[in-house]
Amino acid sequence: MEYSKTKLVTLILLRWLIGWHFFYEGMVKVLNSGWSSKMYLLDSGGFAKPFFEWIAGNETILNLTDLFNMWALTLIGFLLLAGFWVRIASIGGMFLLALYFISHPPFPGIEYIFPSDGSYFLVNKTLIELAALWILFAFPTAHIFGLERIFKKSFNRGK
Amino acid sequence: MEQDNNANEHKKLNRRDIIKGLAALPAFGILGYGLWSHFGEQNAGKSHLLEDIGSIIPKGVPNVVQGDPVRIGIVGSGGRGMYLLKALGFLHPDELAEYEENALNDKWWSEYLAQFRAQDDLNVKITAVCDVFDKHAQRGMETGANIHRAGKGGKMAEQPKRFLTYQELVQSPEVDAVIIATPDHLHVPVAIEAARNGKHVYCEKPLSWTVPETYEVRKVVKDQGIVFQLGHQGRQTESYHVAKSLIDKGVLGKVSLIEVCTNRNDPNGAWVYEIDPEASPQNIDWKQFIGPAPWHEFSLERFFRWRCWWDYSTGLSGDLFTHEFDALNQILDLGIPHSAMASGGIYFYKDGRTVPDVLNMAFEYPEKDLTLLYSATLASEKKRGKVIMGHDGHMQLDETLLIMADPKSTKYADKIAEGTIEPNKPIFSYVPGQEKVDAITTATEKYFAERGLLYTYRDGKTFDTSHLHLREWLNCIRLKDGSQPSCNIDAAFEEAMAAHMGTISYHENRRVFWDSVNEKIV
């Protein structure tokens, strides 16, 4: 895919910003030994509330969920930033964000104990970040700026 | 040829590729710095004041001491009596069936039911029931027979025997220990009679209705050497144990003022209980209900809402202040106050009651250099909580516990100047059931901790404090080594005297004093 300079800068900036966000969120959880998603899950709302409460109420499942969440965030963030397997990382990120969205959907009539940082109706920042990852999936840039460029070349050299 | 060279050149990794490939590298450096500074701040925020705190959290629950079943007689199987039976593991089959039905589509109820079912077997047998209202007595008997925690139609054991008077019940050889859940004015008469017959006593709070009987019950309990527990189940509240350890460590500095409150705003909270439509002079032994109280014609209102009249009740001071007092007596070892000054009135419930619905009391402890304030209303639910105020910080105490450093603290002055402690933000939070203590690590946790909302989710390991309190009493009975439970007769005596001082001050419109040499209220 050919990009103009403006398009390329825009896409890479978007990739880096989201990667930055995921990586930092993940690492903070990894490095904080006491972190757990329990309270967040207990505060969930909407149609999937029972599912998230079930996770929170089951020690083993909760620990696995926590472990998966923190490392998935970190890894996805790393891949987006570094520019490697970006399409897979984008799909993984969209999956996580979709879970966050359905656990706390900004639907009318649902109230959360934990306050939100703005006013939302149907659309919130989680959903927008999800859409942004979709763009990254559709417009790959890692072969131009990113580790993929190096690996591709090294791999192709022998041919 | 030249073209081939170019193509080869293009396939090779060149400097441009490396730069573009590793373009994100500096970002990781900045992120690393971000993480380092984030955790640096957080560690500083932990303040390291309370590093050895792990040791002070009560660990688990004491085992049930083995031995023969303790045979229990219950005097008063009304609302509170039934609750205590439940804490012992006995629930009426109809009520259990109701729980089961509620649990079908309500998570709270299903957890509540599961908690009841998981409650340890305390190895007791309900052998005797006494209640002046036939219906309550019958219900108490049916409950005592439900030894398998079964619902309607389930398998029941033989029903406990009903005694028409407590005097007969406490003389029964089938009874080892007595639970008293009568109105306040009958606590001491039943307790004394039980103790004289060598029965162990678990008595609901407050200990006594009048001052003179307080000395008498203490004497009889001590002379007879029975195991006595007053029903302040707050003795089992985890956060109080933690609070005590923290204050003993000097975390708050010099404590000069304690504020405790009662805020309720519904008829039930104001003791306007439902009147059973089936109740009548035919099925209530009115004379026995009156007991030591001044004679009054039969009155359903007085029978069911007895807490509203001094004739049977100890008012806000005896009924609700005592909870607060006993909590603080446990935490700070307060003892009987030097003086009490009370005021208040009947300001909301103009329903013929004689006890006030608004009451404010100030208790002085000159030897401890502190004042204990109690403020109560039955007509507003504004939550005020318990606050223990020290020079270096204050503690907010409910089921959760928060400590805030004081901006003008001497002890924390350096840390406040350094910025490692932020005044008026929690430097310590304790949420029961959470294993970690210095635990405000994420914004979410901080938010929940500040609002005390974590409490209802305690890893499914919530314990009924009344169950623990009864368990402690039963363990002492079985140990037979002279050990007494936490709310023993001395603690009970202090509780009763403090409450009476407030009540006398209210009645007589004057400051009253405790003469500690002669043990008299003057």
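Residues numbered from 1 in each chain as written. Chains lettered and ligands numbered in written order. Predicted model: local features only at pLDDT ≥ 70, side-chain atom pairs only at ≥ 80, totals over all residues. Heavy atoms only, no water.

**Student:** Would you take a moment to explain the overall build of chain B for this structure?
**Tutor:** When you go through chain B residue by residue, the secondary structure sums to 18 helices and 16 strands. Taking as baseline every contact in chain B between residues at least 6 positions apart, the subset at least 24 positions apart corresponds to 72%. For chain B, the accessible surface area stands at approximately 23900 Å², while carbon and sulfur atoms represent 51% of it. (Helix = DSSP H or I, 4+ residues; strand = E, 2+ residues; numbered from the N terminus. Contact = heavy atoms within 4.5 Å. Areas by Shrake-Rupley, 256 points an atom, 1.4 Å probe, with all protein chains shown as cover.)

**Student:** What's the story with the overall build of chain A in this structure? I'm lost.
**Tutor:** In terms of regular secondary structure, chain A is built from seven helices and zero strands. Each helix (α) and strand (β) of chain A, taken in turn from the N terminus, gives the series α-α-α-α-α-α-α. Principal axes of the C-alpha set define a box for chain A whose edges measure 55 × 35 × 20 Å. In chain A, which comprises 159 residues, the proportion classed as buried is 44%. By sequence separation, contacts in chain A at least 24 residues apart represent 74% of the contacts at least 6 residues apart. (Buried < 20%, exposed > 50% of the residue type's maximum accessible area, 1.4 Å probe, protein only.)

**Student:** Sorry, what's going on with the sheet that holds strand 10 (residues 370-377) of chain B here?
**Tutor:** Each strand in a sheet pairs with its neighbour through backbone hydrogen bonds, running either in the same direction (parallel) or in the opposite one (antiparallel). Residue and element names in this part refer to chain B. Strand order in the open sheet formed by ten strands is 14-13-12-11-7-10-9-8-15-16, and the pairing between neighbours is mixed. Two strands in the sheet have a free side with no partner beyond their single neighbour: strand 14 (426-430) and strand 16 (520-521). Sheet strands in contact with helix 18 (residues 489-508) are strand 8 (339-345), strand 9 (358-365), strand 15 (512-515) and strand 16, and its direction is about 55° off that of strand 8. (Pairing = 2+ DSSP bridges. Axes fitted to C-alpha atoms, helices over the stretch in contact; angles between N-to-C directions.)

**Student:** Sorry, what's going on with the packing of helix 11 (residues 238-248) of chain B against helix 14 (residues 315-332) of chain B here?
**Tutor:** The description of two helices packed together rests on the angle between their axes and the distance between the axes. Residue and element names in this part refer to chain B. Where helix 11 meets helix 14, the closest approach of the two axes is 8 Å, and the angle between their N-to-C directions is 40°. By the angle between their directions, the pair helix 11 and helix 14 is classed as oblique. Handedness of the crossing formed by helix 11 with helix 14: right-handed. Judged by residue contacts, Y240, H241, A243, K244 and I247 of helix 11 engage A327, Q330, I331 and L332 from helix 14. (Parallel < 35°, antiparallel > 145°, perpendicular 65-115°, else oblique. Left-handed = near helix turned anticlockwise from the far one by under 90°.)

**Student:** What should I look at first to understand the environment of Y112 of chain A in this one?
**Tutor:** Residues and elements named next belong to chain A. Inspection of the secondary structure puts Y112 in the loop between helix 5 (86-103) and helix 6 (125-138). Along the primary structure Y112 and F151 are separated by 39 residues, whereas in three dimensions their C-alpha atoms are 46 Å apart. Excluding residues that lie within four positions of it along the chain, Y112 makes contacts with D43, S44, G45, S103, H104 and P105. One polar contact links the side chain of Y112 to the main-chain carbonyl oxygen of P105, over a distance of 2.7 Å. (Polar contact = N/O pair within 3.5 Å; in protein donor to acceptor, adjacent residues only side chain to side chain.)

**Student:** Is there a simple way to explain the nonpolar core in this structure?
**Tutor:** Generally speaking, a soluble globular protein has its nonpolar side chains buried in company with each other. Core analysis: the largest hydrophobic core is formed by 72 residues, its most contacted members being I258, L372, Y374, I388, M395, L401 and I403 of chain B. When near neighbours in sequence (up to four residues on either side) are disregarded, Y374 of chain B contacts V260, C261, T262, L316, L320, F321, E324, L359, N360 and M361 of chain B. (Core = buried A, V, L, I, M, F, W, Y, C linked by side-chain atoms within 4.5 Å.)

**Student:** Would you mind going over the sheet that holds strand 3 (residues 161-162) of chain B with me for this structure?
**Tutor:** All names here are of chain B. Across the sheet, which stays open at both edges, the six strands sit in the order 3-2-1-4-5-6 with parallel pairing between neighbours. The outermost strands of the open sheet, each flanked by one partner alone, are strand 3 and strand 6 (228-230). As paired elements, strand 1 (residues 70-75) and strand 2 (residues 124-130) share six bridges and run parallel to each other. Paired with G73 across the strands is A128, a residue of strand 2. Packing of helix 7 (residues 134-144) onto the sheet brings it into contact with strand 2 and strand 3, and relative to strand 2 it is tilted by some 170°.

**Student:** Is there a simple way to think about the packing of helix 5 (residues 93-105) of chain B against helix 6 (residues 107-118) of chain B in this case?
**Tutor:** Residues and elements named next belong to chain B. Following both chains from N to C, one finds helix 5 and helix 6 inclined at 135°, their axes separated by 6 Å at the closest point. By the angle class used here, helix 5 and helix 6 are oblique. Handedness of the crossing formed by helix 5 with helix 6: left-handed. Judged by residue contacts, L96, Y99, E100, N102, A103 and N105 of helix 5 engage K107, W109, S110, Y112, L113, F116 and R117 from helix 6. Tallied by class, residues from the contact of helix 5 with helix 6 come to seven nonpolar, three polar and three charged. (Nonpolar A, V, L, I, M, F, W, Y, C, P; charged D, E, K, R; others polar.)

**Student:** Can you walk me through helix 4 (residues 59-82) of chain A in this structure?
**Tutor:** At 3.6 residues per turn, the α-helix brings residues three or four places apart onto the same side. If you check helix 4 of chain A, its first and last C-alpha atoms are 34 Å apart, about what 24 residues at 1.5 Å a residue would give, namely 34 Å. Immediately beyond the C-terminal end of helix 4 of chain A, within one or two residues, lies G83 of chain A, with a positive phi of roughly 85°. (Expected span 1.5 Å × (residues − 1).)

**Student:** Whenever I open this one, the confidence of the model for chain A confuses me. Can you help?
**Tutor:** It should be kept in mind that the predicted coordinates are not to be read in detail where pLDDT is low. With 97% of its residues at a pLDDT of 70 or more, chain A has an overall mean of 91. Least confident of the elements in chain A is helix 7 (residues 147-157) of chain A, whose mean pLDDT is 81; most confident is helix 6 of chain A, at 97. (pLDDT = per-residue confidence, 0-100.)

**Student:** Which parts of the structure should I look at to understand the side chain of R302 of chain B?
**Tutor:** With respect to the helices and strands, R302 of chain B occurs in helix 13 (residues 300-304). One polar contact links R302 of chain B to Y312 of chain B, side chain to side chain, over a distance of 2.8 Å.

**Student:** Explain the pattern of salt bridges here, please?
**Tutor:** Between side chains of opposite charge, a pair can form when the charged atoms approach closely. Residue and element names in this part refer to chain A. Following the criterion strictly, the structure yields 24 salt bridges over all chains and no others. For K29, the salt bridge is made with E25, and the minimal N-O distance between the two is 2.7 Å. Here the residue K29 and the residue E25 both occupy positions in helix 1 (residues 5-31), the gap between them amounting to four residues, near one helical turn. By relative accessible area, K29 is classed as buried at 13%. (Salt bridge = Lys/Arg side-chain N within 4 Å of Asp/Glu carboxyl O.)

**Student:** Even after reading the chapter, I still don't get the pairing of strand 14 of chain B, so can you show me in this structure?
**Tutor:** Looking along a regular strand, one sees the side chains alternate between the two faces of the sheet. All names here are of chain B. Across the five residues that make up strand 14, a large majority, five, are buried. With four bridges connecting them, strand 13 (residues 401-405) and strand 14 associate as antiparallel partners. From the neighbouring strand, M404 faces strand 14, where its bridge partner is P426.

**Student:** Help me understand the packing of aromatic side chains, please; the structure alone is not making it clear to me.
**Tutor:** Think of a pair of aromatic rings as described by two things: how far the centres are apart, and how the planes are tilted against each other in angle. Enumeration over the complete set of coordinates arrives at 26 aromatic pairs over all chains. Ring geometry for F23 of chain A versus F28 of chain B: centroids 5.3 Å apart, planes at 80°, classification edge-to-face. Of this pair, F23 of chain A sits in helix 1 while F28 of chain B sits in helix 3 (residues 25-46), placing the two residues on different chains. With respect to class, F23 of chain A is no different from F28 of chain B; both count as buried. An aromatic cluster of three or more residues is present, and its members are F133, W286, F289, F298, F303, F304 and Y312 of chain B. Lying across the ring of F137 of chain A, R87 of chain A places its NZ or CZ 4.5 Å from the centre. Sitting over the face of the ring of F116 of chain B, R149 of chain B holds its NZ or CZ atom 5.4 Å from the ring centroid. (Phe/Tyr/Trp six-rings, centres within 6.5 Å; stacked < 30°, edge-to-face > 60°. Lys NZ or Arg CZ within 6 Å of the ring centre and 35° of its normal.)

**Student:** Help me out: how do you make sense of the environment of V387 of chain B in this one?
**Tutor:** Mapped onto the secondary structure, V387 of chain B falls in strand 11 (residues 386-390). Excluding residues within four positions of it along the chain, V387 of chain B makes contact with L257, I258, E259, H394 and M395 of chain B.

**Student:** Looking at this structure, I do not really get the confidence of the model for chain B. What am I missing?
**Tutor:** All names here are of chain B. Of all residues in chain B, 88% have pLDDT values of 70 or greater, and the mean over the chain is 88. Taken together, the stretch residues 435-441 has pLDDT below 50 and engages in 20 contacts with residues farther than four places along the chain or on a different chain. Here residues 449-460 scores under 50 on pLDDT; set against residues more than four positions off or in separate chains, the count is 25 contacts.

**Student:** Explain the side chain of R307 of chain B to me, please; I cannot follow it from the model alone.
**Tutor:** Residue and element names in this part refer to chain B. Examined against the element boundaries, R307 turns out to sit in the loop between helix 13 and helix 14. Exposure remark for R307: the relative accessible area of 17% places this residue in the buried category. Looking at R307, its side chain comes within polar contact range of the side chain of D319, at 2.9 Å.

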